[in-house]
Amino acid sequence: MKKVLITYRLKPEGLKTLEGEYDVTLPTERSYFTKEEVLEMIPDYEVLVPNFSFYTDREIMDRAVKLELISNFGVGFNNIDVDYATKKGIVVTNIPNSTREPTAEFAFALLLAAGRRIGYYDRKLRTPEGVSWGVYAEGGMPVYGKTLGIIGMGRIGQSLARRAVASGMGIIYHNRNRLDKAIEQQYNARYVTFEELLRTADYISLNAPYTPQTHHMIAAEQLNMMKPSAVFINTARGSMVDEKALAKALKESKIWAAGLDVFENEPHILPELLELDNVVLAPHAATRTIEDRINMSIEMTQNIVGFYEGTYSVSRVN
């Protein structure tokens, strides 16, 4: 019986696929295992399930003498040294399907909240000074008729595009590779260069995967290309954005607003961002509903069973 070590206490509803066939270890005394605890236990396990905030490095893999599979509880996999896993002959999987719609949904929610100033109005109405009720005072940015620029038009980017089209937005996008014409026609999307997207989009959503090449792909230079009225959304990874440059751009009105669900040093939030009224902040919550998290667990367990038994497709990263 293969032994599975899960670093975070996931709900049993999502783990039923493993029942009776796999020996599963979960945290009991608290919600997570520390790295030290994992290092102590990992030599006995064939499968490791890290959540997206648990970094699986060389030290862990060198101790994991039986490890065959890292089934990541997350779509992003920058929490795993994938290159080293590949050298060690360890397969890495992720969960792109269960995270697709919730992440796109949350990105569009941030887009609306930042553009229409929903978070700002809610905060100010709760204070003694309140908010102005004047006809033209403290207005937001419209969404209908505006252009959304999507950086990374993969699964999540396309699901976001579907929501944006339904709200009357035009779509431009930039990818490493241009999409098939049939997909472009589905969203009436136009492929543009990275620079053109930054200069012309009214709303910009970052949906590309994190790699060493995409680290700080949005920095001062890129922010300076954006319109002063631009709204920037990030539900990808915090390290893809130079947060200090973003906070400076927001403070100096180089861009108009931002909506952020991910940060460079989670769970630490850059203090400058906390002081700004033109940014909506969320705690990496795009998939944070009970239903979505259970669906993520199911996809994660299906990767394990599919890897060993061939009964499910496997979302391999390497």
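Quick caveat: nothing in here was measured; it's all calculated off a predicted structure.

Across its full length, the protein chain carries 12 helices and 12 strands. Across its three principal directions, the C-alpha atoms of the protein chain cover 65 × 50 × 35 Å. The 318 residues of the protein chain split such that 50% are buried. Within the protein chain, residue pairs in contact and separated by at least 24 positions form 58% of the contacts whose partners lie at least 6 positions apart. If you sum the accessible surface of the protein chain, you get close to 15500 Å²; carbon and sulfur atoms cover 50% of it. Looking at charge distribution, the protein chain has the averaged site of its 36 positive side-chain charges lying 5 Å from that of its 40 negative ones.

Right, let's get into the sheet that holds strand 3 (residues 47-49). Pairing is parallel in the open sheet, where five strands are placed in the order 2-1-3-4-5. Looking at the sheet topology across the chains shown, the edges are occupied by strand 2 (23-25) and strand 5 (91-93). Direction aside, the axes of adjacent strands within the sheet are offset by 15 degrees on average. Direction of pairing for strand 4 (residues 69-71) relative to strand 5: parallel, over a ladder of three bridges. Counted as the bridge partner of S71 is T93 from strand 5.

Quick look at the domain arrangement of the protein chain now. Along its sequence, the protein chain is carved into domain 1 (2-94 + 289-309) and domain 2 (99-281). Look at where the C-alpha atoms of domain 1 and domain 2 centre, and you get two points 32 Å apart. Opposite the six residues of domain 1 that make contact, domain 2 presents four residues. Counting across the domain 1 and domain 2 interface gives zero salt bridges. If you look at where domain 1 meets domain 2, you find one residue pair in polar contact (both at pLDDT 80 or more). Looking at the side of domain 1 that touches domain 2, its residues break down into three nonpolar, two polar and one charged.

The pairing of strand 6 (residues 147-151) with strand 7 (residues 170-174) spans five bridges and is classified as parallel. Bridging across to strand 7, I151 finds its partner in H174. Bridge analysis of strand 7 against strand 8 (residues 189-191) gives three bridges, and the strand direction is parallel. Each bridged residue has a counterpart across the sheet, and for I171 the counterpart in strand 8 is A189. Taken together, strand 7, helix 7 (residues 181-187) and strand 8 form a β-α-β motif whose crossover is right-handed.

A few words on the environment of R126. Here R126 is to be found in the loop between helix 5 (118-125) and strand 6. Residue R126 is classed as exposed on the basis of its relative accessible area of 65%. Measuring from C-alpha to C-alpha, the distance between R126 and N295 comes to 36 Å, with 169 residues separating the pair along the chain.

Using the residue numbers shown here, the UniProt feature "domain: D-isomer specific 2-hydroxyacid dehydrogenase catalytic" (unreviewed entry) corresponds to residues 4-318. Taken end to end, residues 4-318 is 34% helix and 14% strand, and its first and last C-alpha atoms sit 20 Å apart.

Moving on: the sheet that holds strand 7. The strand order across the open sheet formed by seven strands is 8-7-6-9-10-11-12, and the pairing between neighbours is parallel. Two strands close off the open sheet at either side, each with one partner strand: strand 8 and strand 12 (279-281). The mean inter-strand angle of the sheet, taken between neighbouring strand axes irrespective of direction, is 20 degrees. With four bridges joining them, strand 6 and strand 9 (residues 203-206) adopt parallel strand pairing. Residue pairing in the sheet places L148 in a bridge with Y203 of strand 9.

Time to look at the nonpolar core. Among the nonpolar cores identified, the biggest contains 33 residues, and I151, L198, L206, I218, M226 and F232 are the most heavily contacted of them. For this core, the elements supplying multiple residues, two or more each, are helix 8 (194-200), strand 9, helix 9 (220-225), helix 10 (243-251) and strand 11 (257-260). Broken down by element, this core gets its largest block of residues, five residues, from helix 10. Ignoring anything within four residues of it in the chain, the contact list for L206 reads I151, M217, I218, F232, I233, N234, T235, A236, M240 and V241. Among the nonpolar cores identified, the runner-up in size contains 26 residues, and A107, A164, M169 and Y187 belong to it.

About the thresholds
- Residues numbered from 1 in each chain as written.
- Predicted model: local features only at pLDDT ≥ 70, side-chain atom pairs only at ≥ 80, totals over all residues.
- Heavy atoms only, no water.
- Helix = DSSP H or I, 4+ residues; strand = E, 2+ residues; numbered from the N terminus.
- Buried < 20%, exposed > 50% of the residue type's maximum accessible area, 1.4 Å probe, protein only.
- Contact = heavy atoms within 4.5 Å.
- Areas by Shrake-Rupley, 256 points an atom, 1.4 Å probe, with all protein chains shown as cover.
- Lys, Arg positive; Asp, Glu negative; His and termini not counted.
- Charge placed at Lys NZ, Arg CZ, Asp CG, Glu CD.
- Pairing = 2+ DSSP bridges.
- Axes fitted to C-alpha atoms, helices over the stretch in contact; angles between N-to-C directions.
- Domains from an automatic or database assignment.
- Salt bridge = Lys/Arg side-chain N within 4 Å of Asp/Glu carboxyl O.
- Polar contact = N/O pair within 3.5 Å; in protein donor to acceptor, adjacent residues only side chain to side chain.
- Nonpolar A, V, L, I, M, F, W, Y, C, P; charged D, E, K, R; others polar.
- Right-handed = clockwise from strand over helix to strand, strands pointing away.
- UniProt positions renumbered as here; feature names shortened; annotations may be inferred.
- Core = buried A, V, L, I, M, F, W, Y, C linked by side-chain atoms within 4.5 Å.

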